[in-house]
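# Coordinates in review
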Amino acid sequence: MNKKKTVALVLGSGAARGNAHIGVIQAIEERGYEIVSISGCSIGAIVGGVFSAGKLAEYRDWAESLDRVDVLKLLDMSLMNGGYIKGDRFFEKIQEIIGEPVIESLPIAYTSVAVELVNQKECWFQRGDLITAMRASSAIPSILSPVHLNDRWYVDGGVLNPLPIIPTVSAGADYIIAVDLNGPGEKELDQVPVSIDGGAKEAPSWWGSTKGFFSKGQDDFSDKDDNAYSPENWGRLQTINVMFETMQESLTQYKLAGYPPDLLISIPKDISGFYEFWRAKELIAFGYDVALKAINELESPSMRYYAFPKGH
């Protein structure tokens, strides 16, 4: 029997687009590859950690069940703490799904990348509590609260390294596959179909104040074309994140030039807004379809498979 080809997987940062990582993992495994190492940043660290803990199916079921109101409930904004989103409710749910594993106990080599804020250094979490490692890696500056650990403050690894390839090199896998969630846009956002029903539940009392962070000047979260993605309609949260993603896109190109993976899967940055976690089902499907096509490139006789889609 032929031995499975091995993959060291790099999962980049990109908030809600990170649901595409789930589809990518599914495609890689269905095609008979064994994932032996995962390095992740931000949402990549979260999805990668859940997969490493063997709970990706449960996480997927939960992610696909979310609607708009569910997402807002997860925000737990702290007006007493500079207006940050604490993230407690989200990580309480993650803990409910995966328990409290330590990284050393995982069957797959795992690295979460964060940035130590005061000393401005990239940090790799390869030991210790898995949920803490996820949380440190995903604390988006000015949006999510920094993580305090051992007298140090940690923020999103995307500040310095949104696509952490180097931690996977030591795995010695047959292929390094990287998934970039800040790839070149392929179509206008108002052309992306939205099929998730967000109106099933009554909105909580704090809906009106919170929605302003997402879309300034809009009266609801309807799926109508109201130029919701135009800069003139952005709220504070969207503006901060667009600036952060612009920085990440530039950093990603720099990292890829220094150490290109065997296969780069590029997810268009305009496939969803960063907060649209209620669109998990279609984003998972998108990641799955793109990954299958990319693997076809990987297995093609021409061996010209560095970036997929081509030209990215």
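Rules and cut-offs
- Residues numbered from 1 in each chain as written.
- Predicted model: local features only at pLDDT ≥ 70, side-chain atom pairs only at ≥ 80, totals over all residues.
- Heavy atoms only, no water.
- 1 Å grid on protein atoms, 1.4 Å probe; cavity = no way out; pocket = protein on both sides within 12 Å on 5 of 7 lines; lining within 4 Å.
- Points joined across faces, edges and corners; volume = space filled by probe spheres on them.
- Nonpolar A, V, L, I, M, F, W, Y, C, P; charged D, E, K, R; others polar.
- UniProt positions renumbered as here; feature names shortened; annotations may be inferred.
- Helix = DSSP H or I, 4+ residues; strand = E, 2+ residues; numbered from the N terminus.
- Contact = heavy atoms within 4.5 Å.
- Buried < 20%, exposed > 50% of the residue type's maximum accessible area, 1.4 Å probe, protein only.
- Polar contact = N/O pair within 3.5 Å; in protein donor to acceptor, adjacent residues only side chain to side chain.
- Core = buried A, V, L, I, M, F, W, Y, C linked by side-chain atoms within 4.5 Å.
- Expected span 1.5 Å × (residues − 1).
- Phe/Tyr/Trp six-rings, centres within 6.5 Å; stacked < 30°, edge-to-face > 60°.

### Concerning empty space enclosed by the protein
Taken as a whole and assessed by the stated rule, the structure comprises four cavities of 30 Å³ or more. Quantified by volume, the second largest cavity comes out at close to 50 Å³. As for the second largest cavity, its lining consists of Ile85, Lys86, Phe91, Arg135, Ser138, Ala139, Leu144, Ser145 and Val147. Residue classes in the lining of the second largest cavity are distributed as five nonpolar, two polar and two charged.

### Observations concerning the UniProt feature "active site" (unreviewed entry) in the protein chain
The UniProt record marks Ser42 and Asp156 with the feature "active site" (unreviewed entry), using the residue numbering of this structure. Spatially, the listed residues are clustered: although they cover 115 residues, their C-alpha atoms lie within 5.9 Å of one another. Summarising the element assignment, Ser42 is placed in the loop between β2 (34-41) and α2 (43-52). Setting aside its immediate chain neighbours within four residues, Ser42 contacts Ser13, Ser137, Ser138 and Asp156. Mapped onto the secondary structure, Asp156 falls in strand β8 (residues 152-156). Overall, Asp156 belongs to the buried group, its relative accessible area being 1%. A polar contact of 2.8 Å, which involves the side chain of Asp156, links it to the side chain of Ser42.

### Concerning the nonpolar core
Here is a general trend for soluble globular proteins: nonpolar side chains tend to be buried in one another's company. In this structure, Leu9, Ile28, Tyr59, Ile94, Met134, Ile177 and Ile265 are the most contacted members of the largest nonpolar core, which totals 70 residues. It is helix α9 (residues 280-298) that contributes the most residues to this core, eight residues altogether.

### Digging into helix α1 (residues 19-30)
A rise of 1.5 Å per residue sets the reference length of α1, with its twelve residues, at 16 Å; its end C-alpha atoms lie 17 Å apart and thus fit the reference within 8%. Of all twelve residues in α1, nine are buried; the element is thus mostly enclosed. Among the residues making up α1, those that are buried are Asn19, Ala20, His21, Ile22, Gly23, Val24, Ile25, Ala27 and Ile28. Where α1 ends, the next residue or the one after it, Gly32, has phi of about 90°, a positive value.

### Some details on the packing of aromatic side chains
In the structure shown here, the tally under the stated rule is six aromatic pairs. Between Trp62 and Phe90, the ring centres sit 5.8 Å apart and the planes meet at 50°, which makes this aromatic pair tilted. Of this pair, Trp62 sits in helix α3 (residues 56-65) while Phe90 sits in helix α5 (residues 88-98), and the two are 28 residues apart along the sequence. With relative accessibility at 12%, the residue Trp62 sits in the buried group. For Phe90, a relative accessible area of 15% gives the class buried. Centroid distance Tyr275 to Trp278: 5.9 Å. Interplanar angle 50°. Geometry classified as tilted. As far as the burial class goes, Tyr275 and Trp278 line up, both buried. By the ring-pair criterion, three or more aromatic residues cluster together here, those being Tyr59, Trp62, Phe90 and Phe91.

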